[in-house]
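Chain by chain, the residues:
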Amino acid sequence: MKVSSKNTSEPGNPWSALAADSLDLAIESQDVIGLRLARAASGRFDACDEAVRMIVEKAFAAWDTAVVVTESVIQGEPHLAASRTLALYRKRVQANQRRLAREARS
């Protein structure tokens, strides 16, 4: 299920777009969590590698979020920091979703 902020946002109301993007991120994240739990429960040889990868990704995401927020402030656009941060996280979650789903099929 995907809630597109382009279809649900009202012109001039960035909060509805931000809420829709947050909902999309939550739904996509749950799928990634499920795929990772399935991998861990399967006892596959690479389950430990996935756990380490997840922790490293979270550290990089925290760093990159700080960079995105700082850039937004420096550019004089602090009001865009939240939407840019969501876009960053959604891009990474979607990449993990594709990778884990592809690996689950093989």
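For the structure, check the block above.
Residues numbered from 1 in each chain as written. Predicted model: local features only at pLDDT ≥ 70, side-chain atom pairs only at ≥ 80, totals over all residues. Heavy atoms only, no water.

(A) Up close: the nonpolar core. Counting six residues, the largest nonpolar core is built from Leu 18, Leu 25, Val 32, Leu 86, Val 93 and Leu 100. Beyond its immediate sequence surroundings of up to four residues, Leu 18 is in contact with Ala 82, Ser 83 and Leu 86. (Core = buried A, V, L, I, M, F, W, Y, C linked by side-chain atoms within 4.5 Å. Buried < 20%, exposed > 50% of the residue type's maximum accessible area, 1.4 Å probe, protein only. Contact = heavy atoms within 4.5 Å.)

(B) Fine view of the packing of helix α2 (residues 14-42) against helix α4 (residues 81-105). Where α2 contacts α4, the two axes come as close as 9 Å, and the packing angle between them is 30°. The angle between α2 and α4 falls in the class roughly parallel. Remark: the crossing between α2 and α4 carries left-handed chirality. Its residues placed into classes, the contact of α2 with α4 shows 10 nonpolar, six polar and nine charged. (Axes fitted to C-alpha atoms, helices over the stretch in contact; angles between N-to-C directions. Helix = DSSP H or I, 4+ residues; strand = E, 2+ residues; numbered from the N terminus. Parallel < 35°, antiparallel > 145°, perpendicular 65-115°, else oblique. Left-handed = near helix turned anticlockwise from the far one by under 90°. Nonpolar A, V, L, I, M, F, W, Y, C, P; charged D, E, K, R; others polar.)

(C) Seen up close, helix α3 (residues 47-74). Its 28 residues place the ends of α3 41 Å apart at the C-alpha level, agreeing with the 40 Å of an ideal helix rising 1.5 Å per residue. Listed in full, the buried residues belonging to α3 are Ala 47, Glu 50, Ala 61, Thr 65, Val 68 and Ser 72. On its buried face, α3 is in contact with α2 and α4. One or two positions beyond α3, positive phi appears at Gly 76, with a value near 75°. (Expected span 1.5 Å × (residues − 1).)

None of this, on its own, says anything about what the molecule does.
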